[in-house]
Amino acid sequence: METDHIQGSVLVVDDEPFVLKTIAHVLDGMGFTRVLTAMTGQQALRLIESTKPSVELVMLDLNMPDMDGIELLRRFAEEGYRGDILLFSAEDSQTLKMAERLARARRLSVIGSISKPIRREALYHVISKHSGPPGSPARRADAPEITPQMLEVGMECGELEPWFQPKIDIASRQPVGVEMLARWPNSTRGPIYPDVFIPVAERSGLIDRLTFCLITRSIHMRQQWQASGVNLKLAANISMDSLRNLDFPQRLDDIVTAAGGSLSTMQLEVTESRLMQDLVTPLDVLLRLRLKKVRLSIDDFGTGYSNLFQLRDLPFDELKLDRSYVRGRDPRAVAILESSVEMGKRLGMGIVAEGVETLEEWQRVERLGCDQVQGWLCARAMPGDAIPDWVASWSESSKDVLG
Ligand code: G
Ligand code: G
Ligand code: MN
């Protein structure tokens, strides 16, 4: 196996010295420039913080006496660790899979899990995925450090801008809306992605300003599209932090009205995985948004917790199936996909399949009864100026793409 292109530091965390030594030896042989080891979670957190250039990959045992692997994953998420993670454990594979999913729900980048005792080949296999095609550039450990001040300047100078990804109605094959996605081209450092700056905005209390600033610009964009005959619903992602402020609905209403838009043409997407903590205030806010005729979508459906409870009690009009289900061949994922569509339909919700990349996936979600598709098969996110041309070309290109 070719391994000499692997760069950067890797950190192995396990309370058993023998395991540490063995894995470190294998990793050394794979060409990592630096192999660090830690015997406790605390030690691991200190190393992550102090190591420069940043740790690219952490290999982590779930079972440790003081701070266990699950707790350490939570701390990684809180500290904003952006490198990759590989889990291992002597627990059964079901437990490992659940830990993987939990870590992903915390927006950590998990490249896989392996059972103990660790076989050298299994390790090679998973790590070669790590050194293969890079994941989202936003998640790379060497992504730039963003401060709240930089974010404020980025907003004020209009560097931060809304891009738009079309949503296509399956039955008519026509674009019916767009999802606004924040982009920061930031010329000096290269593009910065929302996975990096949205958490900074949330932590520093700037998220509402960011949302409102982008929504205002999007409404102006939408007016330009309308002038060239293009009419699309606008969807914006809303952080849970925004739903914790009881005055959010009125402030949104004011912003949208001031920009010359109308709440009834807007959709708000809320990520389900974070809805659980303190439901009362978000419910209050969501219901008042509902009364203002905003359409509400439950985003990344299937990645969070307590789906059924939320569907019963929260006023959603639309369900966006997470792309892991659209892709999934695993029978359990297929079962969840099928019953989610069925359940959403019975609750009168529109169903959007996210992350559709191939014709085969389009056909599968069409068969299942989804209403809309959003994904690279049809279009990636693009600047607002590009939307009218894309819409014009879609009527032709859709015939090639969809047959
Ligand atoms: O393409 P993509 O990398 O755009 O988006 C990554 C994540 O960032 C998605 O989960 C998306 O919901 C989130 N995101 C993108 N734009 C915004 C935004 O304006 N506000 C919030 N809260 N999240 C956003
Ligand atoms: O979490 P949310 O659903 O808001 O974010 C949408 C994210 O999905 C964005 O990061 C967007 O760039 C990404 N995305 C959109 N379509 C596709 C696709 O077809 N494939 C993949 N891999 N990502 C997609
Ligand atoms: Mn979304």
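For clarity, every value in this text was computed on a predicted model and none was experimentally measured.

Engineer: Lay out the domain arrangement of the chain in plain terms, naming residues and giving numbers.
Structural biologist: Reports of interface size often rely on the accessible area that becomes lost once the parts have come together. For the chain, the assigned domains read domain 1 (9–130) and domain 2 (148–402). Between the C-alpha centres of domain 1 and domain 2 there is a distance of 33 Å. Listed as interface residues are six residues of domain 1 and, on the opposing side, eight residues of domain 2. Regarding the contact of domain 1 and domain 2, the summed buried area is about 480 Å², with carbon and sulfur atoms giving 39% of it. By the criterion of area lost to domain 2, the three top residues of domain 1 are R82, A105 and R107, representing 62% of everything that side buries. At the junction of domain 1 and domain 2, the tally comes to one salt bridge. D300 is the partner of R107 in a salt bridge, and the nearest nitrogen-oxygen pair spans 3.3 Å. Counting across the interface, domain 1 meets domain 2 through one residue pair in polar contact (both at pLDDT 80 or more).

Engineer: Go over the coordination of the manganese ion (ligand 3) with me, naming the residues and quoting the values.
Structural biologist: Taken together, the protein donors to the manganese ion (ligand 3) comprise E179 (OE), N237 (OD1), E269 (OE) and D299 (OD), at separations of 2.1 to 2.4 Å. Along the chain, the residues donating to the manganese ion (ligand 3) fall in the pattern E-x57-N-x31-E-x29-D. Of this pair, E179 sits in strand 7 (residues 175–183) while E269 sits in strand 9 (residues 266–271), and the two are 90 residues apart along the sequence. E269 carries the same exposure label as E179, and that label is buried.

Engineer: Quick rundown of the site of ligand 2? Include the residues and the values.
Structural biologist: In the vicinity of ligand 2 lie 13 residues, with D299, R323, E354, E357 and W376 positioned nearest. Within the side chain of D299, an N or O atom sits 3.0 Å from an oxygen atom of ligand 2. Between E357 and ligand 2, the recorded distance is 2.6 Å, taken from a side-chain N or O atom to a nitrogen atom. Protein coverage of the free-state accessible area of ligand 2, which is 520 Å², stands at 79%. If you list the elements that add at least two residues to the shell around ligand 2, you get strand 7 and strand 10 (295–301). Classifying every residue of the shell around ligand 2 by side-chain character gives two nonpolar, four polar and seven charged.

Engineer: Run through the sheet that holds strand 5 (residues 109–115), naming residues and quoting values.
Structural biologist: An order of 2-1-3-4-5 is seen for the five strands of this open sheet, with the pairing classed as parallel. Each end of this open sheet is capped by a strand with a single partner; those strands are strand 2 (34–38) and strand 5. Here the strands of the sheet are splayed against their neighbours by 20° on average, with no regard to which way each runs. For strand 3 (residues 55–61) and strand 4 (residues 84–89), the ladder comprises five bridges, and the chain directions are parallel. Bridge pairing links L60 to L87 in strand 4. The strands touched by helix 1 (residues 17–30) within the sheet are strand 1 (9–13), strand 2, strand 3 and strand 4, with strand 2 carrying the most contacts at an inclination of about 170°. Across the face of the sheet, helix 2 (residues 41–50) comes into contact with strand 1, strand 2 and strand 3 while running at roughly 145° to strand 2.

Engineer: Go over the layout of surface pockets with me, naming the residues and quoting the values.
Structural biologist: For the second largest pocket, the calculated volume is near 180 Å³. Together, F18, V19, T22, I23, V26, K116, P117, I118, R119, R120 and L123 line the second largest pocket. Looking at the lining of the second largest pocket, the element that brings in the most residues is helix 1, giving five residues.

Engineer: How would you summarise the site of ligand 1 if you had to cite specific residues and measurements?
Structural biologist: Around ligand 1 sit R107, M180, L181, A182, R183, P194, D195, I198, L214, N237 and S239, and that is every residue in its neighbourhood. Within the contact set of ligand 1, an oxygen atom lies 2.8 Å away from a side-chain nitrogen or oxygen of R183. Residue S239 places a side-chain N or O atom 3.0 Å away from a nitrogen atom belonging to ligand 1. Considering only residue class, the shell around ligand 1 consists of six nonpolar, two polar and three charged.

Engineer: Kindly report on the pairing of strand 8 (residues 233–238), identifying the contributing residues and their values.
Structural biologist: Two elements, strand 7 and strand 8, share four bridges in a ladder whose sense is parallel. Considered in strand 8, the bridge of V178 is made with L234. Taken together, the five bridges between strand 8 and strand 9 define a ladder with parallel strand orientation. By the bridge assignment for strand 9, N237 is matched with E269.

Engineer: Break down the pattern of salt bridges for me, citing the residues and quoting the values.
Structural biologist: In this structure the tally under the stated criterion is 27 salt bridges. A salt bridge links R244 to D241; its shortest N-O distance comes to 3.4 Å. On the accessibility criterion, D241 (22% relative accessible area) is partly exposed.

Scoring rules and cut-offs
- Residues numbered from 1 in each chain as written.
- Chains lettered and ligands numbered in written order.
- Predicted model: local features only at pLDDT ≥ 70, side-chain atom pairs only at ≥ 80, totals over all residues.
- Heavy atoms only, no water.
- Domains from an automatic or database assignment.
- Contact = heavy atoms within 4.5 Å.
- Buried area = accessible area lost by both parts, 1.4 Å probe.
- Salt bridge = Lys/Arg side-chain N within 4 Å of Asp/Glu carboxyl O.
- Polar contact = N/O pair within 3.5 Å; in protein donor to acceptor, adjacent residues only side chain to side chain.
- Donors = N, O, S within 2.8 Å, 3.2 Å for Na, K, Ca; no water.
- Helix = DSSP H or I, 4+ residues; strand = E, 2+ residues; numbered from the N terminus.
- Buried < 20%, exposed > 50% of the residue type's maximum accessible area, 1.4 Å probe, protein only.
- Near = heavy atom within 4 Å.
- Areas by Shrake-Rupley, 256 points an atom, 1.4 Å probe, with all protein chains shown as cover.
- Nonpolar A, V, L, I, M, F, W, Y, C, P; charged D, E, K, R; others polar.
- Pairing = 2+ DSSP bridges.
- Axes fitted to C-alpha atoms, helices over the stretch in contact; angles between N-to-C directions.
- 1 Å grid on protein atoms, 1.4 Å probe; cavity = no way out; pocket = protein on both sides within 12 Å on 5 of 7 lines; lining within 4 Å.
- Points joined across faces, edges and corners; volume = space filled by probe spheres on them.

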